[in-house]
Amino acid sequence: QNVFVELGGQGILLTANYDTRFSNRRDGLGGRVGIGYIAADNDHSATTIPLSLNYLLGKNNKFFEIGLGTTFIASKSNGSLFFNEGDNEIEKDSNVFGTMSFTYRVQPVDSGFSFRAGITPIFDGDFFMPYFGGISLGYTF
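Bear in mind the structure is a predicted one, so any value in this text is a computation, not a measurement.

Caption draft 1: Summary view of the overall build of the protein chain. When you go through the protein chain residue by residue, the secondary structure sums to zero helices and ten strands. Counting helices and strands in the order they occur from the N terminus, the protein chain gives β-β-β-β-β-β-β-β-β-β. Considered along the principal axes of its C-alpha atoms, the protein chain spans approximately 60 × 30 × 20 Å. By the burial criterion, 40% of the 141 residues in the protein chain qualify as buried. Looking at the protein chain alone, contacts between residues at least 24 apart form 48% of all its contacts between residues at least 6 apart. Accessible area of the protein chain: about 8,200 Å², with a carbon and sulfur share of 64%. Taken together, the 10 basic and 14 acidic charged side chains of the protein chain have centroids lying 19 Å from each other.

Written as structure tokens, this is what we have:
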């Protein structure tokens, strides 16, 4: 089991995440869920919720992670950008993106600090961003 903070990656922004294996093995099939939030000047904010399945290949404390998932994004803006400075109408938007992960993971055998870094492509029906990436630091228990 692993908890970690990720910048970029499948959570798109800065997210707090929980990752676990579905068996007693250190490799194999597992999943992750997280939540992220960012706000700028109380005018704009976004919340992300990444959810994915992943598979770890490797042994000892070094793994290659392959994953596929989805990230829900909800954003809010007060409409005061550019020419609408007098208009304080709150605009809300939400979207769901598909995500993949191709990451290198260093995770201790027992417990301790963990590290992940890699390429995490994101996509939906209108676009595909193959070179989006992420990095994370966490703790394995």
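Once the structure has been displayed, the description carries forward.
Caption draft 2: A look at the pattern of salt bridges. Summed over the entire model, instances satisfying the criterion amount to seven salt bridges. Of the charged contacts, one joins Arg105 and Asp19 as a salt bridge, the two residues approaching to 3.3 Å between their closest N and O atoms. Linking Arg105 in strand β6 (residues 91–106) with Asp19 in strand β2 (residues 14–21), this pair joins segments that are 86 residues apart in sequence. The class of Asp19 is buried, set by a relative accessible area of 2%.

Caption draft 3: How the structure looks around the nonpolar core. Among the nonpolar cores identified, the biggest contains five residues, and these are Ile12, Ile73, Phe97, Ile122 and Phe132. Setting aside residues no more than four positions away along its own chain, Ile73 makes contact with Ile12, Thr47, Thr48, Asp93, Ser94, Asn95 and Phe97.

Definitions and limits used
The numbers attached to residues start from 1 for each chain and follow its sequence in the written order. Whole-chain, interface and lining totals are the exception, using all residues; otherwise, since this is a predicted model, local features are given only for residues with pLDDT of at least 70 and side-chain atom pairs are given and counted only at 80 or more. Remark: hydrogens and water are excluded; side-chain values derive from all non-hydrogen atoms of the structure. Helix and strand labels come from DSSP, where a helix needs a run of H or I of at least four residues and a strand needs a run of E of at least two; each type is numbered from the N terminus. Buried, partly exposed and exposed residues are distinguished by accessible area as a fraction of the type maximum, computed with a 1.4 Å probe on protein chains only: under 20%, between the cut-offs, and over 50%, respectively. For this analysis, residues touch if any pair of their heavy atoms sits within 4.5 Å. Accessible surface area values rest on a Shrake-Rupley calculation with a 1.4 Å probe, where residue burial reflects the displayed protein chains alone. Asp and Glu are treated as the negative residues and Lys and Arg as the positive ones, with His and the ends of the chain left uncounted. Working definition for charges: the position is that of NZ of Lys, CZ of Arg, CG of Asp or CD of Glu. Salt bridges are defined as contacts in which a side-chain nitrogen from Lys or Arg sits within 4 Å of a carboxyl oxygen from Asp or Glu. In this text, buried Ala, Val, Leu, Ile, Met, Phe, Trp, Tyr and Cys residues form a nonpolar core when linked through side-chain atoms within 4.5 Å.

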